[in-house]
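Residue strings, one per chain:
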Amino acid sequence: MTVQVYTIASGKGGTGKTTTTLNLGTSLAMLGKKTIIIDADLGMANLGILLGLEQSKITLHEVLSGEAEVKDAIYDGPYGLKVVPSGLSLKGFQKSNPDKLKQVISALTDGMDYILIDAPAGISRDSIIPLAVADRVLLVVNPELSSLADALKIKTLTELVGKTVDGAILNRTENEKTEINSGKVKELLGMDVIEMIPEDANVRRAAAFKTPVVIRTPKSPASIAFKKLAAKIAGEKFVEPEVKKESFVERIVRAFRRK
Ligand SMILES: Nc1ncnc2c1ncn2[C@@H]1O[C@H](COP(=O)(O)OP(=O)(O)O)[C@@H](O)[C@H]1O
Ligand SMILES: [Mg+2]
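Residues numbered from 1 in each chain as written. Chains lettered and ligands numbered in written order. Predicted model: local features only at pLDDT ≥ 70, side-chain atom pairs only at ≥ 80, totals over all residues.

(A) View of the environment of Leu-145. Relative to the helices and strands, Leu-145 resides in helix H6 (residues 145-160). For the pair formed by Leu-145 and Lys-184, sequence separation is 39 residues and the distance between their alpha carbons is 9.8 Å. (Helix = DSSP H or I, 4+ residues; strand = E, 2+ residues; numbered from the N terminus.)

(B) Structural detail: the packing of helix H1 (residues 17-30) against helix H10 (residues 221-234). Interaxial distance between H1 and H10 falls to 8 Å at its minimum, and their mutual angle equals 60°. Regarding the angle of H1 to H10, the classification is oblique. Here the hand of the crossing between H1 and H10 comes out right-handed. Residues Asn-23, Leu-24, Ser-27 and Leu-28 of H1 form the contact with H10, whose own contacting residues are Phe-226, Lys-227, Leu-229, Ala-230, Ile-233 and Ala-234. Residues of the contact of H1 with H10, tallied by class, amount to seven nonpolar, two polar and one charged. (Axes fitted to C-alpha atoms, helices over the stretch in contact; angles between N-to-C directions. Parallel < 35°, antiparallel > 145°, perpendicular 65-115°, else oblique. Left-handed = near helix turned anticlockwise from the far one by under 90°. Contact = placed C-beta atoms within 7 Å. Nonpolar A, V, L, I, M, F, W, Y, C, P; charged D, E, K, R; others polar.)

(C) Quick peek at H6. Here H6 contains 16 residues, and its C-alpha end-to-end distance of 23 Å stays within 8% of the 22 Å for a straight helix at 1.5 Å per residue. Along H6, the positions that sit buried rather than exposed are Ser-147, Leu-148, Asp-150, Ala-151, Ile-154, Lys-155, Leu-157 and Thr-158. In this structure, the buried side of H6 is in contact with strand S1 (4-9), helix H5 (125-133), strand S6 (136-141), strand S7 (165-173) and helix H7 (182-189). Phi turns positive, to about 85°, at Gly-162, one or two residues after H6. (Expected span 1.5 Å × (residues − 1). Buried ≥ 20, exposed ≤ 12 C-beta atoms within 10 Å, placed from the backbone.)

(D) How the structure looks around unusual backbone geometry. Backbone geometry places Arg-172, a non-glycine residue, at a positive phi of 70°. The residue Arg-172 is located in strand S7 in this model. Using a count of 21 C-beta atoms within 10 Å as the deciding quantity, one classes Arg-172 as buried. Positive phi, normally seen in glycine, also occurs at Lys-210, with a value near 55°. Considering the arrangement of structural elements, one finds Lys-210 in the loop between helix H8 (201-208) and helix H9 (213-216).

(E) Highlighting the sheet that holds strand S2 (residues 35-39). Here eight strands make up an open sheet; going across it, the order is S3-S4-S2-S5-S1-S6-S7-S8 and the pairing mixed. If you trace the sheet from one side to the other, it starts and ends with strand S3 (75-76) and strand S8 (193-198), each paired once. By the bridge criterion, five bridges tie S7 to S8 in an arrangement that is parallel. Each residue of the ladder has a partner; that of Leu-170, found in S8, is Met-196. Sheet contacts for H1: S1, S2, strand S5 (114-118), S6 and S7; angle to S5, the most-contacted strand, approximately 165°. Each of S1, S6 and S7 touches H6; the most contacted strand, S6, lies at about 170° to it. (Pairing = 2+ DSSP bridges.)

Set out below in C-alpha cells:
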C-alpha cells in the first residue's frame, strides 16, 4: 500500500494529541502495519518522554536545523514502531526550521504504511505546516465547547491549505448527560466522530511508566478505544480482547499481594 500521512491536530492544547499519536501508532504497529510517529510539536515536545526517549541526542530539532540526517533521528518503539522525537530544549526549538518538515516526511515514506504527525496546538506557523503536509487530518477534541470552538479554527485552516479534516476523535468522554456527544460535534464542527476515547486513569498511569497504555493495560477502556480506532483506520475488523473474569480466590490473592 502507499503510505498515508496522518496529522493529529487540535485547536486547544492538552486535548490528547500526543496520547493519541502514541497509542494509535502503537496499535497500528501491533496490527503489523509499518508505522512511524513524529513529534512535530517542536516547542512542547513530549512524545519522546512518553517512551523514555528524552535523552536522545539527535532529534527532529537537529534534522530541521540541518545538523543531522533524518535516518539518525529514528528510534525503535514497541512492536516495530519507529519514533522521531523532538528535543526538549528551547534552543533546539529556536534553531528548527519547520519549513523543512515536508522534506523530512518525504525521506521517511519508504516502506512505510502510516506516518503519524503529532502537531502543535494553535494557529502558529509550526502548526500550519503539519496540516499542509498531511494526506489526512484528525482533530482531537474534548467534550467542552471551548475545545470545539478552537477545533473549528483548525478545520478552517486545514481547508485554507487545501486539505480536509477526516474526522474528530472525541477524547476524555465521561458518562454525563450534559456532555457534548457525537451528534453535537457533527452539528458544530460538520464532521463525524471517528472514535470516542473515554476518560481513563490508566492513561496517566501508563505515562508514568513510559509505556503506551495499549501495551500496559490493553483491556482498559481507553486502550480498547485506541485499538478500535486503529482497526478502523487500517480497514480491519476489531477483535475485542478477552476480558477474563477474576475468580474469588484470585481476587483475595491480589488483595494480599498489594500490601
Ligand atoms: N483518555 C484520557 N484519559 C485520561 N487522561 C488522558 C486521556 N487522554 C489524555 N489524557 C491526559 O491528558 C493530558 C494531556 O494529554 P496529551 O496527549 O499530552 O495532550 P496534547 O498532546 O494534546 O497536549 C496528559 O496528562 C494525558 O495523560
Ligand atoms: Mg502534545
